[in-house]
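If you want the building blocks of each chain, they are given just below.
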Amino acid sequence: QVQLVEFGGGLVQAGASLRLSCTASGRTFSDIAMGWFRQAPGKEREFIAAINWSGDRTYYADSVKGRFTISRDNAKNTMYLQMNSLNPEDTAAYYCAARSFPRAETRKSTYDYWGQGTQVTVSS
């Protein structure tokens, strides 16, 4: 079992930056791939970014490429999502997720564990 807790959401104006954190416990952090997803009201949960066990392979949705950066610190059991140039379309609940495997994936169905989510609201 893996327990995930997200931190860092909030209300910001368009153009601002936020950094989300996700702390994991319950399993060797460096054994598992991680990802970020988001869900806006009335919409499906969508893939944002993923990172493999070592952090040297990352994947991004087209909608955030160039603005968001995923990273991890295995010594701290923590994953991050640096979000720059935020716009109102980025408003959603953001979830971190973990796979039981070291290779990163973009498909939501391949993730086994989920955090409780943290709200990000971007005003225009």
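I will try to describe carefully the structure that is included in this document. Worth saying up front: this structure is predicted, and the values here are computed from it rather than measured.

## Digging into the packing of aromatic side chains
For the structure shown, the criterion picks out four aromatic pairs. When the ring of Phe37 is compared with that of Phe47, the centres are 5.8 Å apart and the planes differ by 75°; the resulting orientation is edge-to-face. Of this pair, Phe37 sits in strand β4 (residues 34–39) while Phe47 sits in strand β5 (residues 46–51), placing them ten residues apart in sequence. Residue Phe47 is classed as buried on the basis of its relative accessible area, which comes to 15%. Seen in terms of ring centroids, Tyr111 and Trp114 are 6.3 Å apart; in terms of plane orientation they differ by 55°. Their pairing is tilted. The exposure class assigned to Trp114 is partly exposed, which follows from its relative accessible area of 28%. In this arrangement the basic side chain of Arg45 is found over the ring face of Trp114, its NZ or CZ atom lying 5.0 Å from the centre. For the cation-ring pair, Arg72 lies above Phe29, with the distance from its terminal atom to the ring centre recorded as 4.3 Å.

What counts, and where the lines are drawn
Residues numbered from 1 in each chain as written. Predicted model: local features only at pLDDT ≥ 70, side-chain atom pairs only at ≥ 80, totals over all residues. Heavy atoms only, no water. Phe/Tyr/Trp six-rings, centres within 6.5 Å; stacked < 30°, edge-to-face > 60°. Helix = DSSP H or I, 4+ residues; strand = E, 2+ residues; numbered from the N terminus. Buried < 20%, exposed > 50% of the residue type's maximum accessible area, 1.4 Å probe, protein only. Lys NZ or Arg CZ within 6 Å of the ring centre and 35° of its normal.

Keep in mind that these numbers describe shape and distance, not what the molecule does.
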